[in-house]
Amino acid sequence: MRSLVAVAVRRPVTVMMCAMALAAFGVVGYKRLPLDLLPDISYPSLTVQTDFPDTAPAEVENLVTRPVEEAVGVLRGLRTVHSVSRPGVSEVTLEFEWGADMDLLLLDVREKLDRLILPEEAEDPVVLRFDPSLDPIVRIALGGTGDLTESRRLADRRLKPAFETIAGVASARIKGGLEEEIHVEVDQERLAALGIPLERIRQMVGVSNINLPGGSLRGTDTQFLIRTVNEYDSVEEIGELVITSGGGSLVRVRDVADVSWGAREREEIIRVGGVESVEIAIYKEGDANIVTTARAVRESLPDMQRLVPEGYRLTVLFDQSRFIEQALKEVRSAAVIGGALAVLVLLVFLRDLRSTVIIATSIPLSVLFAFMAMYRLDVSLNIMSLGGLTLGVGMLVDNAIVVLESIFRKRQEGFGLKAAAVEGTSEVGGAVVASTLTTVAVFLPIIFVEGIAGALFGDMAITVTLSLVASLLV
């Protein structure tokens, strides 16, 4: 301890350069820290949902739920399996150990489900994963004077591709409005009179609309790709499809059904200011930052507005980043006010501006060191990590006060300024280190806590530890 203090006293320029470098790296790390509301919390659970239409719960349990449980119940790290069988739906929830690699487990679950043989009437199982970060970060409404069909078409064909080109945006999903589809309304009496089953119409309409590869033809110098293209170009083409030609007469779809261009049955209605609108939900990429991506989306809105005709207007309904920025701003303000109050209290009790400035220097340097270490440890700037820094600000001045008081006492005993610095710091160095490590020993074990508590308070423990170690070094 004495040698380290002696070097610091004899080499003031070196100490100053180290402090300036520390501050510079801290500023760079602070600017590059991602902003989040809370630490990364990914609950280790997966839900396998299988639809089995028009089936009672008992059959769903025996034919779907139990086979799914047997198939996925042998995964490593699996803690519990519980299921719910409802009319037409089977849900099997898998809970794993905290810290499990959910991406790899998701692949394992899907691989085992691919080998599972279920009844033909059952749909393919869907694996759902609960993750708060999978919610939309921005929701935008498109409203205007046009009809809902046109609004939906503009959102789907113009705005959706444009939003998905923004850096950090994974997808844009459209809700509301009228989604176009072709309706084939069958005349049951006419169909029964001709003795044609309804399944016949369904098959003909389905198989007549195809676009399939047909292999290739190789020549001497060229290779031709063959495709079977028979897609519908208009509604009238569907009506001209021949269902049967029995008895010498042709029966077409238009003879037994009305084919029209309509809209899909609506399941949700979105109104903004009492006017029906179309919603565009923006989802971020897995490793993208919410605040950065949402800010890029907001900045692109003037360009997006130019993609739609006059009379249409884009309105931001929800922006998750605004709440995050506001929450972090309040915590950041609390930390700054806490540091200022600590310095003010020191000035009142010490009544020495020079001593107060010396102690106050340890606060920003220690915090900047913590920012640099947070960047290297991939700790985001969130409520918990900022709360840890706020908690550490009050403790940062303790070491400086003890050391300064010891130096002041040595000065009163007749030591010179440099000698007093070396002797005073060396005398209380062991006590200061022990005191700091005692506090670190309280917070550092939180990092190893498993479960939701460890995920929430781990960042706070890291920032408190880093700031305290930095204050000891300063």
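Basis of the calculations
Residues numbered from 1 in each chain as written. Predicted model: local features only at pLDDT ≥ 70, side-chain atom pairs only at ≥ 80, totals over all residues. Heavy atoms only, no water. Helix = DSSP H or I, 4+ residues; strand = E, 2+ residues; numbered from the N terminus. Rg over C-alpha atoms; globule rule 2.2 N^0.38 Å. Buried < 20%, exposed > 50% of the residue type's maximum accessible area, 1.4 Å probe, protein only. Contact = heavy atoms within 4.5 Å. Areas by Shrake-Rupley, 256 points an atom, 1.4 Å probe, with all protein chains shown as cover. Lys, Arg positive; Asp, Glu negative; His and termini not counted. Charge placed at Lys NZ, Arg CZ, Asp CG, Glu CD. Expected span 1.5 Å × (residues − 1). Bend = angle between axes of the 7 residues up to and from the residue. Patch = residues over 30% accessible without salt bridge, like charges linked within 9 Å, V, L, I, M, F, W, Y side chains within 5 Å. Salt bridge = Lys/Arg side-chain N within 4 Å of Asp/Glu carboxyl O. Phe/Tyr/Trp six-rings, centres within 6.5 Å; stacked < 30°, edge-to-face > 60°. Lys NZ or Arg CZ within 6 Å of the ring centre and 35° of its normal. Arc of directions from axis to C-beta. Core = buried A, V, L, I, M, F, W, Y, C linked by side-chain atoms within 4.5 Å. Pairing = 2+ DSSP bridges. Axes fitted to C-alpha atoms, helices over the stretch in contact; angles between N-to-C directions. Parallel < 35°, antiparallel > 145°, perpendicular 65-115°, else oblique. Left-handed = near helix turned anticlockwise from the far one by under 90°.

A few words now on the overall build of the chain. Looking only at helices and strands, one finds 15 helices and 16 strands in the chain. Taking 23 Å as the expected radius of gyration for a compact globule of 474 residues, we find that the chain reaches 34 Å, considerably beyond that expectation. C-alpha atoms of the chain, sized along the principal axes, occupy 125 × 60 × 60 Å. Counting all 474 residues of the chain, 38% fall into the buried class. Across the chain, the fraction of contacts at a sequence separation of at least 24, relative to all contacts at a separation of at least 6, is 72%. Summing over all exposed atoms, the chain offers an accessible surface of approximately 27400 Å²; the carbon and sulfur share of this is 57%. Charge separation in the chain, taken as the distance between the mean sites of 46 positive and 63 negative side-chain charges, equals 12 Å.

Turning our eyes to something else, we now look at helix H15 (residues 452-473). Taking 1.5 Å per residue as the helical rise, H15 with its 22 residues ought to reach 32 Å, and the 32 Å between its terminal C-alpha atoms agrees with that figure. In the structure, H15 departs most strongly from a straight axis at Gly458, where the bend amounts to approximately 40°.

On to a negative patch on the surface, then. On the surface, Glu185, Asp187, Glu189 and Asp258 cluster together to form a negatively charged patch. Within the secondary structure, Glu185 is located in strand E7 (residues 180-186).

The next thing to look at is the packing of aromatic side chains. Each aromatic ring pair is summarised here by two numbers: the centre-to-centre distance and the angle between the ring planes. Applying the stated criterion across every chain yields a total of one aromatic pair. Aromatic pair Tyr30 and Phe371: ring centres 4.9 Å apart, planes at 45°, arrangement tilted. One end of the pair, Tyr30, is in helix H2 (residues 12-32); the other, Phe371, is in helix H12 (residues 353-376), with 341 residues separating them in the sequence. Taking relative accessible area as the criterion, Phe371 reaches 9% and is therefore assigned buried. For Arg173, the ring lying beneath its charged end belongs to Tyr283, and the centroid distance is 4.3 Å.

Between its terminal C-alpha atoms H2 stretches 30 Å, which fits the 30 Å expected from 21 residues at 1.5 Å a residue. Buried residues of H2: Ala19, Leu22, Gly26 and Gly29, and no others. Along the axis of H2, the buried residues cluster in a sector spanning 95°; they form a single face. Residues of H2 that are exposed and angled more than 90 degrees away from the buried face: Val13, Lys31 and Arg32. Lining the buried residues of H2 we find H12.

Phe163 and Ile282 are the most contacted members of the largest nonpolar core, which has 42 residues in total. Excluding residues within four positions of it along the chain, Phe163 makes contact with Ile140, Val169, Ala172, Ile280, Ile282, Val297, Ser300, Leu301 and Met304. With 20 residues, the next largest nonpolar core counts Val48, Phe96, Leu105 and Leu113 among its residues.

This part is about the sheet that holds strand E6 (residues 169-176). Read from one edge of the open sheet, four strands run E6-E15-E5-E16, paired in antiparallel fashion. Only two strands of the sheet have a single neighbouring strand rather than two, namely E6 and strand E16 (312-319). Going from strand to strand, the sheet's axes swing by 25° on average, the running direction of each strand aside. Taken together, the seven bridges between E6 and strand E15 (residues 278-284) define a ladder with antiparallel strand orientation. Its bridge partner lying in E15, Lys175 is registered against Glu279. This element, helix H10 (residues 290-305), spans strand E5 (138-144), E6, E15 and E16 of the sheet and lies at about 170° to E16.

For the rest of this paragraph, the subject is the packing of H12 against H15. Between H12 and H15, whose axes approach to 8 Å, the crossing angle comes to 130°. Our classification of the angle between H12 and H15 gives oblique. You can see that H12 and H15 cross each other, and the crossing is right-handed. Packed against H12, whose contacting residues are Ser366, Phe369, Ala370, Ala373 and Met374, the element H15 presents Thr463, Leu466, Ser467, Ala470 and Ser471 at the interface.

Note that Leu347 resides in helix H11 (residues 320-350). When its relative accessible area of 34% is taken as the criterion, Leu347 is described as partly exposed. Sequence separation between Leu347 and Ala360 is 13 residues, and the spatial gap between their C-alpha atoms is 9.9 Å. Once you skip the residues sitting within four places of it in the chain, Leu347 turns out to touch Asp352, Leu353 and Thr356.

Here we take up the environment of Phe408. By secondary structure assignment, the location of Phe408 is in helix H13 (residues 383-412). Considering only alpha carbons, one finds Phe408 and Leu94, 314 residues apart in sequence, at a separation of 63 Å.

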